[in-house]
Amino acid sequence: MKSAYGFFISFVISILFAANAQSEGYNVSGKILKPDGTPYSSSAVSFILEVTNPASTCVLYREQIINVDMSNTKGGFHVVLGSGTKIFPVGGQVEAVFSNEAALPCADATTYTPVATDERNLKISFYDGSSWQAFSQQPLKSVPLSTISKYSQSTRTVESYSSKNLLRAKVDIPELTAAEVATFQDLIAGTSGTYLKTELDPTVKDFAKATLPTCAVGEVLRSTGTSLVCIADQTGAGLPTGSNGQFLKHNGTNWAAASLAIADIANLSTQLSDKVAKTSLPSCSSNQTPSYVSVTDNWQCLTISVTLTGDITGTNSANTVAKIQHIPVSSTAPSTGMVLKYNGTEWAPGSDASSVGTVTNVTSASSFLTVTNGTTSPTLSVNIGTAAGTVAAGDDARFTNSRSPSGTAGGDLSGSYPLPTVAKIQGTPVDVSAGYQDGDTLVYNAGMSKWVLKRAGCPTGYMKVGKGDPFCIKLFDSTLRTFPVALIACSDSGADLCSSTQLIHACRDGNKLGLGHAAWSNSIFGGNVAINVSCTTAGGAYGVAGEDITSYTRYTYCCKQISN
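As the structure is a computational prediction, the values presented were derived from the model and not from experiment. (Residues numbered from 1 in each chain as written. Predicted model: local features only at pLDDT ≥ 70, side-chain atom pairs only at ≥ 80, totals over all residues. Heavy atoms only, no water.)

Scanning the entire structure with this criterion turns up 11 aromatic pairs. Between phenylalanine 483 and tryptophan 520, the aromatic rings sit 5.7 Å apart at their centres with planes inclined by 80°, giving edge-to-face as the arrangement. Note that phenylalanine 483 is positioned in helix 5 (residues 483-492) and tryptophan 520 in strand 40 (residues 518-526), a separation of 37 residues in sequence. Tryptophan 520 matches phenylalanine 483 in its accessibility class, with the two residues each being buried. Ring pairing ties together the aromatic residues Tyr40, Phe47, Phe77, Phe126 and Phe135, which thus form one cluster. (Phe/Tyr/Trp six-rings, centres within 6.5 Å; stacked < 30°, edge-to-face > 60°. Helix = DSSP H or I, 4+ residues; strand = E, 2+ residues; numbered from the N terminus. Buried < 20%, exposed > 50% of the residue type's maximum accessible area, 1.4 Å probe, protein only.)

If you look at the biggest cluster of nonpolar residues, it comprises 28 residues, and the most contacted ones within it are Phe47, Met70, Leu81 and Phe98. Mapped onto this core, the elements with two or more residues apiece are strand 2 (26-33), strand 3 (45-52), strand 4 (59-68), strand 5 (76-81) and strand 9 (120-127). Apart from the residues within four sequence positions on either side, methionine 70 is in contact with Ile32, Tyr40, Ser41, Ser42, Ser43, Val45, Phe47, Gly75, Gly76 and Phe77. If you look at the next biggest cluster of nonpolar residues, it comprises 15 residues, including Val465, Ile473, Cys507 and Val533. (Core = buried A, V, L, I, M, F, W, Y, C linked by side-chain atoms within 4.5 Å. Contact = heavy atoms within 4.5 Å.)

Let's shift gears to the side chain of histidine 505. Following the sequence through the fold, histidine 505 ends up in helix 6 (residues 500-508). Accessibility expressed as a relative area gives 17% for histidine 505, which makes it buried. When sequence neighbours within four positions are dropped, the list of residues in contact with histidine 505 reads Val465, Lys467, Gly468 and Phe471.

All told, the structure shown has seven disulfides when counted by the stated rule. Cysteine 458 shares a disulfide with cysteine 472; S-S distance 2.1 Å. On the S-S bond that ties cysteine 458 to cysteine 472, the torsion sits near -90°, and the link is left-handed. Linking cysteine 458 in the loop between strand 36 (450-454) and strand 37 (463-465) with cysteine 472 in strand 38 (residues 471-475), this pair joins segments that are 14 residues apart in sequence. (Disulfide = S-S within 2.5 Å.)

Attention shifts here to the sheet that holds strand 35 (residues 441-445). Reading across from one edge, 33-34-36-35 is the order of the four strands in this open sheet, with mixed pairing throughout. A strand with exactly one partner marks an edge of an open sheet, and here the two such strands are strand 33 (424-425) and strand 35. (Pairing = 2+ DSSP bridges.)

To continue, consider the pattern of salt bridges. Across all of its chains, the model carries five salt bridges by this definition. Of the charged contacts, one joins lysine 512 and aspartate 509 as a salt bridge, the two residues approaching to 3.5 Å between their closest N and O atoms. On the accessibility criterion, lysine 512 (22% relative accessible area) is partly exposed. (Salt bridge = Lys/Arg side-chain N within 4 Å of Asp/Glu carboxyl O.)

All right, on to the sheet that holds strand 40 then. Pairing in this open sheet of three strands is antiparallel, and the strands run 40-41-42 from one edge to the other. Of all strands in the sheet, those bounded by a partner on one side alone are strand 40 and strand 42 (542-548). Each adjacent strand pair in this sheet contributes to an overall mean axis angle of 30°, direction not counted. The strands touched by helix 5 are strand 40 and strand 41 (529-535); relative to strand 40, the strand with the most contacts, the crossing angle is about 110°. The strands that helix 6 touches are strand 40, strand 41 and strand 42; relative to strand 41, the one it contacts most, it runs at about 10°. (Axes fitted to C-alpha atoms, helices over the stretch in contact; angles between N-to-C directions.)

Here we take up helix 6. Counting buried positions along helix 6 yields seven of nine residues, so the element is predominantly enclosed. Every buried residue belonging to helix 6 is among Ser500, Gln502, Leu503, Ile504, His505, Ala506 and Cys507, and all of these are buried. In this structure, the buried residues of helix 6 make contact with strand 37, strand 38, strand 40, strand 41, strand 42 and strand 43 (557-561).

A residue-level look at the protein chain finds 81% of positions with pLDDT of 70 or above and a mean pLDDT of 80. The model gives residues 1-23 a pLDDT under 50, and that stretch makes 65 contacts with residues more than four places away or in other chains. (pLDDT = per-residue confidence, 0-100.)

Another aspect to go through is the environment of leucine 212. Tracing the chain through its elements places leucine 212 in the loop between helix 3 (206-209) and strand 14 (219-223). Overall, leucine 212 belongs to the partly exposed group, its relative accessible area being 47%. Put simply, leucine 212 and leucine 228 are 16 residues apart on the chain and 7.2 Å apart in space, counted from C-alpha to C-alpha. Residue contacts for leucine 212: discarding those within four places in its chain leaves Leu221 and Leu228.

Counted residue by residue, strand 4 has seven buried out of 10 residues, so it is predominantly covered. Pairing analysis gives seven bridges linking strand 3 to strand 4, with the strands arranged antiparallel. Across the sheet, leucine 49 pairs through a bridge with glutamate 63, a residue of strand 4. Two successive antiparallel strands, strand 3 and strand 4, enclose a turn made up of six residues, where serine 56 displays a positive phi of approximately 60°. As defined by bridge partners, strand 4 adjoins strand 6 (residues 85-88) across three bridges and the pair is classed as antiparallel. The residue bridging glutamine 64 from the neighbouring strand is threonine 85, located in strand 6.

Attention now goes to unusual backbone geometry. Residue phenylalanine 88 is joined to proline 89 through a cis peptide bond whose omega torsion reads -10°. In this chain, tyrosine 417 is followed by proline 418 through a cis amide linkage whose omega measures 15°. Structurally, the position occupied by proline 418 is in the loop between strand 31 (416-417) and strand 32 (421-422). Phi at asparagine 67 takes a positive value of approximately 60°, unusual for a residue other than glycine. For asparagine 67, the position within the fold is in strand 4. Take asparagine 67: its relative accessible area is 55%, and that puts it in the exposed class. One non-glycine residue, asparagine 511, lies in the positive phi region at around 60°. By relative accessible area, asparagine 511 is classed as buried at 16%.

Encoded structure:
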C-alpha cells in the first residue's frame, strides 16, 4: 500500500504469547522495516489489535493501543493484547474470545459458533501518520485459554454424565447407605411411607376430604354442613328454557322463565292508574283528532274544522285566496297569456303590454350618431372627424399623443401611475428589502410564501474553496462514520460526498479540510475499499489512501456547487 509520503512500507513481524498469560493479556512483539531496510521510528504510534475466527470472517475482539514509543527501538515494538481501549465488544475481556464452549458475537452483528478444535487469528494495524497500515494475519496456534476451553469441553464429565446433568450441594454430606438410597428412591417414586405430605389446609372439614359423590350432568356440589351433595346447577348450563321476551324469575323454590308483569315492578300500578291505554284510543284519519266522550265513556274521532280569515277565506279543508296584501283579488277568470294587474281597486286579469315600436329618430347633442330613413329599417351613421368633439378613426393623428395613466396601481403593481412598483409576481409578494448584490437571484420561499433574494455563493455553514473549479465544502459534524453512513448523511442533507479531487483542493486552499482529518471521498477502488484523503500540513501536503468501507470510520465532508 502506498503511504502519504510517497514510499512503500513492508512489515516483518513475530508474535510471542506469554507461556503463563493471566487475565491482564498476552504479549505481542514485532518489528517494522521500511522498503529501504531502515526501521520505522515514531514517538507516538497507535496500534489496533483484532482477534478473528479461523476464516477471518468474524472480528471477535478489537482494541486500540495508543502512544507507543518506537523512537529508540530500531523498528521493534512490544504491546500487550488485552491492555488497550476495548472497541469491541464494549467492556469485554480478551480471554472470552478464546472459548469454544458457546456462540460468540461478531463486530458486524453476526454470530460465530466455534467447534472444540477452532483456533484464532490475530490482525495488527498501525497508523503511520497518514493512514492505517496492516500486517498479514497471524494464526494463534497455542493460546492457554483456548486449550483450557477445548479440554473442559471434552473432559468435564463424571463417568458418562456431563457436569450439566449432576446435582451439586455445597455442604458436607456423608456417604449414603444402601437402605438410605432405597428410601430416597421411594420418596422420588411417591411410595414412601416414611415421609408423609403435610396437611396444607387443616381448616377444610373432614367430610370435604372424604370421597366425593358422583354428580349427573348439569349438577354441582353443595355443602349441607355435614356432607357434600349434588344439586342442579341454576347458574350456568342448567338454566330453565324460556321463550322470546321472558325473564328469569324465582318462584320461591327455583328459577323459572316468566313474562314480566306490572306487579313485578314496584309502584308501577299506581303510576299507570290515571294513564290512558293505547288500545283504548281509536285510529283517526287525516284532519281528525281523538276526543273523549263522557256520556259513552270512550274515545271517538272528531273532524277538525277551522274558519279562516284575512287574505284567505273558508275552512282549513276548503279555502280561497281572496286578497293579496289585503288588496282584493277579482273573481274574473283569466285567459291564456294574461297577467295579474292592479287596476287601482283590485288585482284583476289583464293583457301584458309588450311596448313594441319603431325608432324613427335619435337626437345626439354632439352629433356622434345620426339616424335617417325613419322607417322600420332606419339607417345609423357614425360621424367620424379629426376635430375635437368628433369620433376618431383608427388612424387618427390624435392617437399619437401621450396618454399616461394616473391613479393608484393595483394587481401585482403597487404605488401610483405613472411610476408603479412591481410588488408581486402572479399574485405572490416580492421581498427585496435586503438590497441587491451582483449575482443575486430571486427564489420562492415556501415557508414565507413570497419571492426573496438568494445570495450568490455558498449556503450557510459551507466554506468556499477557490482552488480548481470553485465549490463549497462543509464538515457535516464531528462524528466519525463508515463510508456507507457518510454517503447517506451527505445525501440526506442535500449535498454530495466530496470527490478525492475536491478534498485535495480543500487541503491546498488554506487547509479547509481540517489538519489531521482523514475524510471519505466518493471514489471506490472496488470491492470493499474506498479512498480517503487527509491533510498532513496546513495548506500543503496531503495523503491519499484506501480503507475498508465498513470497518473504518472517517470524517464526513459534504460538497456543493457554487450557487448562481
